Amino acid sequence: MQLETYISDLLYRYECVTIPEFGSFLTQSVSATIDEASNTFHAPKKVVSFNEQIQKNDGLLAHYIADVEKIPFEIANKKITKRVKILKSNLTQGETLTFKNIGDIQFNTEGKILFEPSYHLNYLTDSFGLSEFVSPSVTREVYKEKVENIEKVIPIAITPEKRKTRPYLKYAAVALIALTVGGLVASNFYVNQIEQHNQLAQEAATKQLDTKIQQATFNLNPLPAITLNVTKQTGNYHIIAGAFRVEENCDKKISQLKTDGFSARKIGANKYGLHQVVYASYEGRLDALKALRTIKKTHNKDAWLLVKKLD
């Protein structure tokens, strides 16, 4: 008689299966667990234990054996009693009792029963078909941000963690993002209108200031009057040199870049409230990319290209 097979069958349906005059196998449900060291996910399960104090015959095991083997209940009880005598004899002789898919039972040096459960079967029927699996580690981009108390010396720069990329992959990623973001255009229309209004107001103010400068003349006797012609930078492609929370630092950066020979200027604050300084602005994308490569190679490897929407 394969006693462990009958016990195993009953453990799927009952929390306690008793072997009369020997002990009981108990189950306890355990939630799903995660092994952080190995990134292994374990499904919910029933943990099996053994209690030698519960030995009273409740008839569960005998009734099941009688139904499966088509024998009377009394004969099933006799078979169990006979098997228990063999189990106790083997146990007292120092042998380890192995109940397949349940666990091992043996005496320790102090004569007490030790039970080592087996984890080959999950007796929780709700977890049927679920097995443990290992998930690859999840990596996320880390953004580094300078603290504000040192921003007076170094501009705040938020740059993604450097990775080796191929140019064509970068443009492919930009195209994919553009397609994804397309669905959000309607919801962002109102915000874009405000930004366009602010941009137009800023450009109008700049144009008015340029007009006044062009019309200004300086009458220094006996020198003739001089008319100053200022060339305005235009274009939607801006090579960003830095972004500053304090506008005073923005002016310092512009002075420094002009000393180095760049046509630096401010293009206003972004949505984070940071004042942006550009090396130069360009009408064409190819010209902007060519200038960006030169600047990253010779002056500032953290420079980047900002493309503003056409009005």
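Calculation criteria
- Residues numbered from 1 in each chain as written.
- Predicted model: local features only at pLDDT ≥ 70, side-chain atom pairs only at ≥ 80, totals over all residues.
- Heavy atoms only, no water.
- pLDDT = per-residue confidence, 0-100.
- Helix = DSSP H or I, 4+ residues; strand = E, 2+ residues; numbered from the N terminus.
- Contact = heavy atoms within 4.5 Å.
- Pairing = 2+ DSSP bridges.
- Axes fitted to C-alpha atoms, helices over the stretch in contact; angles between N-to-C directions.
- Phe/Tyr/Trp six-rings, centres within 6.5 Å; stacked < 30°, edge-to-face > 60°.
- Buried < 20%, exposed > 50% of the residue type's maximum accessible area, 1.4 Å probe, protein only.
- Core = buried A, V, L, I, M, F, W, Y, C linked by side-chain atoms within 4.5 Å.

Under an unreviewed UniProt entry, the name given to the protein chain is SPOR domain-containing protein, and the source organism is Algibacter agarivorans.

Turning our attention to the confidence of the model for the protein chain. Averaged over every residue, the pLDDT of the protein chain is 78; the share at 70 or more is 67%. The lowest-confidence element of the protein chain is strand β10 (residues 217–218), averaging 45 in pLDDT; the highest-confidence one is strand β1 (residues 16–19), averaging 94. When the criterion is pLDDT under 50, residues 216–220 qualifies, and its contacts beyond four places in sequence or with other chains add up to 10 contacts.

A few words on the sheet that holds strand β15 (residues 304–307). Pairing in this open sheet of four strands is antiparallel, and the strands run β13-β14-β12-β15 from one edge to the other. The open sheet is flanked by β13 (265–269) and β15, the only strands paired with a single partner. Neighbour to neighbour, the strand axes of the sheet diverge by 45° on average, direction disregarded. Two strands pair when backbone bridges link them, and strand β12 (residues 237–244) and strand β14 (residues 275–282) are joined in this way by six bridges, in the antiparallel orientation. Looking at β14, one finds that I240 is bridged to V278. Lying over the sheet, helix α6 (residues 247–259) contacts β12, β13 and β14, oriented at roughly 30° with respect to β14.

Looking now at the packing of aromatic side chains. Within the structure shown, the criterion is met by eight aromatic pairs. A centroid spacing of 6.2 Å and a plane angle of 35° characterise the contact between F50 and F115, whose relative ring orientation is tilted. Pair noted here: F50 is in strand β5 (residues 45–51) and F115 is in strand β8 (residues 113–117), with a separation of 65 residues, a long-range link. Judged by relative accessible area, which is 15%, F50 ranks as buried. Here the aromatic rings of F262 and Y279 are separated by 4.8 Å at their centres, their planes lie at 75°, and the arrangement is edge-to-face. Residue F262 is found in the loop between α6 and β13, and its partner Y279 is found in strand β14; the two are separated by 17 residues along the sequence. Relative accessible area serves as the criterion here: at 1%, Y279 is assigned to the buried category. Ring pairing ties together the aromatic residues F22, F25, F50, F99 and F115, which thus form one cluster.

So, about unusual backbone geometry. A positive phi angle, near 55°, is found at K70, a position not held by glycine. By secondary structure assignment, the location of K70 is in the loop between α2 (60–69) and α3 (73–92). Looking at K70, the relative accessible area reads 71%, which means it is exposed.

Right, let's get into the pairing of β1. By the bridge criterion, four bridges tie β1 to strand β2 (residues 23–30) in an arrangement that is antiparallel. Opposite I19, over in β2, you have G23 as the bridge partner. Remark: three residues form the turn of the hairpin made by β1 and β2, two consecutive strands paired antiparallel; E21 in that turn has positive phi of roughly 65°.

Counting residues in hydrophobic clusters, the biggest one holds 29 residues, and the most contacted among them are I7, I19, F25, F99 and I105. Contributions of two or more residues to this core are made by α1 (3–11), β1, β5, α2, α3, β6 (97–99) and β8. With six residues, the top contributor of residues to this core is α2. Filtering out sequence-adjacent residues up to four positions away, I19 remains in contact with L3, I7, F25, Q55, L61, I80, V84 and F99. By size, the runner-up hydrophobic cluster in this structure holds 13 residues, among which are L257, A264, V277 and L292.

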